[in-house]
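Here is how the chains run, residue by residue.
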Amino acid sequence: MATLITEESAQKILANALPARMLIDGECVPSRSGETFHKFNPATETLIAEIPAGGVQEIDEAVAAARAQFDHGEWSRVSNRERARMLFRLADLMERDTEILSVLQVLESGQPLYEPLGKDIPLSVEIMRYYAGWADKVHGSVIPLPSANGRPAHAYTVREPVGVLGMFIPWNGQTMIAAWKLAPALATGCTVVIKPSEEGQLALLHLGKLIAEAGLPDGVVNIVTGLGATAGAALSSHPYIDKVSFTGSPETGRRVHQAAGTNFTPVTLELGGKGPQIIWPDADIEHAVKMAAVGVFANQGQICGAGSRILVHRSIYDRVTEELGDRANRIKLGTPFDESTQMGALINANQMNRVLGYIDSGREEGARVVAGGERAREVGYFVQPTIVDEATPDMAIARDEIFGPVVAVLPFETEEDAVRIANDT
Ligand code: NAD
């Protein structure tokens, strides 16, 4: 996608977004304690922002604001049509600020610009429009009953908003995941407290500004930045929220589920995985290899639905492995604003070291690295796209969610074999 955004213009967009401020009851605020934590650009390892470290107090204030709007505020009296109008306006504003949202997401994620600019943000706009269209179309049913005393009778159902929602957003695809959660919640009249990931706040804080510009009343959407162990724990265990919507890792999901369970608060979890892709001998092999590579390497492999195991029929195993290796070797890693870049950096040093650790453990257990396998640059958290064969289904590299550009290629003989391996994680 042709774009005029350069590293320099991106820095201007960043400067306009700073200082980073939380959104609580319509106010852009620092943390009450004044404490912040650092956010680095994964592609350059430079500090890009001091993020307010909200905690229990800020979560309490945000929940109180959302509660007041839901129970007796202006939002509780806004008609369905008016809600739809605001959400259509929000979608227009997101579209207007596509470049700003994309640049902020790139600076905090290290992904190539074409990903948010061409996919995440346009899709987020469409999600918002789609649900805006539903705002005045959610209604119950009228159910005819046997007549009572000779008179017609009916029962009816009413659909009501759940209430105040606590939303946990991961750092990958943060704007789109926020849109998936926010759009249906707002369309149906709920209010929200968002806790972004420590690694992905700037794009969401800009989204908060657009929400205010779209005319949503103060306190309908609140965004509290902070660490998972403090702000996150306070939100998941808060007694005055009506539902938790969590997207993130299985480990944290379990903790959030337990914390919410102490108040019997319902929870929806969207977690990680180890998605299998299966290639049969009758496939168009060239096309299958191309799409399998997209399936695992998009967003540097940091996608919950990444197809990070490729199961290949024994009769074509060598050919597919070799072609996957060639394709991986041709992927161009680079800085996000270079238009020729196909793959960017991983989110932080921990994640890079974790991914490299999995590759090492695969080697130690007897797997063979066919392509990649190393850190790609001295500066920035870049890892080469990596293809591993001769892995067995019991190896960590073939079982655990690695969340990086690494794929284990496993052979199978029969359909039953393929299904068993695919389900066995
Ligand atoms: P994570 O679990 O580390 O963090 C998710 C959120 O939980 C963050 O906001 C974090 O601050 C918060 N958190 C951390 N500790 C907490 C605690 N003790 N109490 C409450 N909140 C806490 O996940 P991540 O690293 O941000 O994202 C990567 C993971 O998310 C991967 O496993 C990936 O598969 C998954 N993911 C799933 C989907 C999906 O739709 N299923 C989409 C994207 C990512």
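> What am I meant to see in the overall build of the protein here?
Per the secondary structure count, the protein includes 14 helices and 16 strands. Expressed as a percentage of its 425 residues, the buried residues of the protein come to 52%. Pairs at least 24 residues apart make up 72% of the contacts formed inside the protein by residues separated by at least 6 positions. Per element, the accessible surface of the protein, about 18,900 Å² overall, is 52% carbon and sulfur. For the protein, the distance from the average site of its 37 positive side-chain charges to the average site of its 54 negative ones is 5 Å.

> What am I meant to see in the site of the ligand here?
If you check the shell around the ligand, you find 27 residues, and the closest are Lys195, Glu198, Ser249, Leu271 and Glu401. Note that an oxygen atom of the ligand is positioned 2.7 Å from one of the side-chain N or O atoms of lysine 195. In the model, an oxygen atom of the ligand is placed 2.6 Å from a nitrogen or oxygen of the serine 249 side chain. Protein chains bury 87% of the 850 Å² of accessible surface belonging to the ligand in isolation.

> Any chance you could explain the packing of helix H4 (residues 98-109) against helix H7 (residues 202-213) here in plain terms?
Between H4 and H7, the least distance of the axes is 8 Å, while the angle of their chain directions is 155°. Considering their axes alone, H4 and H7 lie roughly antiparallel with respect to each other. Two secondary-structure elements touch here, H4 through Ile100, Leu101, Leu104, Gln105 and Glu108 and H7 through Leu202, Ala203, His206, Leu207 and Leu210. Here the residues of the contact of H4 with H7 sort into 7 nonpolar, 2 polar and 1 charged.

> What am I meant to see in the sheet that holds strand S14 (residues 368-371) here?
Remark on secondary structure: sheet strands pair via backbone hydrogen bonds, oriented parallel or antiparallel. The strand order across the open sheet formed by 5 strands is S12-S13-S16-S15-S14, and the pairing between neighbours is mixed. At either end of the open sheet lies a strand with only one pairing partner, and these are strand S12 (276-279) and S14. Here the strands of the sheet are splayed against their neighbours by 30° on average, with no regard to which way each runs. Across the sheet, helix H10 (residues 285-297) touches S12, strand S13 (309-313), strand S15 (386-389) and strand S16 (406-412), and the angle it forms with S12 is around 175°.

> Looking at this structure, how should I read the nonpolar core?
Nonpolar side chains in soluble globular proteins tend to be buried together. By size, the foremost hydrophobic cluster in this structure holds 62 residues, and its most contacted members are Leu182 and Leu186. A total of 9 residues in this core trace back to one element, the largest contributor, which is helix H6 (residues 174-187). Residues within four places of leucine 186 in sequence aside, it is in contact with Trp75, Arg83, Leu87, Val192, Leu216, Val220 and Val221. Ile285, Val296, Ile310 and Val409 belong to the second-largest nonpolar core, a separate cluster that totals 25 residues.

> Please clarify how the pairing of strand S3 (residues 36-40) should be interpreted in this entry.
The side-chain alternation of S3 yields one buried face, formed by Phe37 and Lys39, and one unburied face, formed by Thr36, His38 and Phe40. Both S3 and strand S4 (residues 47-52) contribute to a ladder of 5 bridges, which runs antiparallel. Within S4, the residue paired with threonine 36 across the bridge is proline 52. Between S3 and S4, which follow one another and run antiparallel, lie 6 residues, and glutamate 45 among them has a positive phi close to 65°.

> Looking at this structure, I do not really get the side chain of lysine 195. What am I missing?
Among the secondary structure elements, lysine 195 is positioned in strand S8 (residues 191-195). There is a polar contact of 3.1 Å between the side chain of lysine 195 and the backbone oxygen of glycine 226. Setting aside chain neighbours within four positions, we find lysine 195 in contact with Met167, Phe168, Ile169, Val224, Gly226, Leu227, Gly228, Ala231, Gly232 and Leu235.

> Just checking my understanding: could you explain a negative patch on the surface for this structure?
Side chains of Asp25, Glu27, Glu74 and Asp218 sit close together on the surface and give a patch of like negative charge. In this fold, glutamate 74 is placed in the loop between helix H2 (56-72) and helix H3 (80-96). Glutamate 74 sits in the partly exposed class, given a relative accessible area of 48%.

> Explanation requested: helix H14 (residues 415-423) in the structure shown.
Within an α-helix, residues lying three or four positions from one another point in the same direction, as the helix has 3.6 residues per turn. Regarding H14, the residues found buried are Asp417, Ala418, Ile421 and Ala422. Along the axis of H14, the buried residues cluster in a sector spanning 125°; they form a single face. The exposed set on the far side of H14, more than 90 degrees from its buried face, consists of Glu415, Glu416 and Asn423. Contact partners of the buried residues in H14: S12, S13 and S16.

> What is the right way to read unusual backbone geometry from this model?
Residues other than glycine predominantly adopt negative phi, and peptide bonds predominantly adopt the trans conformation. Cis geometry marks the peptide bond from leucine 18 to proline 19; its omega dihedral reads 0°. Along the chain, proline 19 falls in the loop between helix H1 (7-17) and strand S1 (22-24). A positive phi angle, close to 50°, is found at asparagine 299, a residue other than glycine. Its location among the elements puts asparagine 299 in the loop between H10 and S13. Positive phi outside glycine occurs at phenylalanine 403, with the angle close to 60°. On the basis of relative accessibility, which here comes to 16%, the residue phenylalanine 403 falls in the buried class.

Rules and cut-offs
- Residues numbered from 1 in each chain as written.
- Predicted model: local features only at pLDDT ≥ 70, side-chain atom pairs only at ≥ 80, totals over all residues.
- Heavy atoms only, no water.
- Helix = DSSP H or I, 4+ residues; strand = E, 2+ residues; numbered from the N terminus.
- Buried < 20%, exposed > 50% of the residue type's maximum accessible area, 1.4 Å probe, protein only.
- Contact = heavy atoms within 4.5 Å.
- Areas by Shrake-Rupley, 256 points an atom, 1.4 Å probe, with all protein chains shown as cover.
- Lys, Arg positive; Asp, Glu negative; His and termini not counted.
- Charge placed at Lys NZ, Arg CZ, Asp CG, Glu CD.
- Near = heavy atom within 4 Å.
- Polar contact = N/O pair within 3.5 Å; in protein donor to acceptor, adjacent residues only side chain to side chain.
- Axes fitted to C-alpha atoms, helices over the stretch in contact; angles between N-to-C directions.
- Parallel < 35°, antiparallel > 145°, perpendicular 65-115°, else oblique.
- Nonpolar A, V, L, I, M, F, W, Y, C, P; charged D, E, K, R; others polar.
- Pairing = 2+ DSSP bridges.
- Core = buried A, V, L, I, M, F, W, Y, C linked by side-chain atoms within 4.5 Å.
- Patch = residues over 30% accessible without salt bridge, like charges linked within 9 Å, V, L, I, M, F, W, Y side chains within 5 Å.
- Salt bridge = Lys/Arg side-chain N within 4 Å of Asp/Glu carboxyl O.
- Arc of directions from axis to C-beta.

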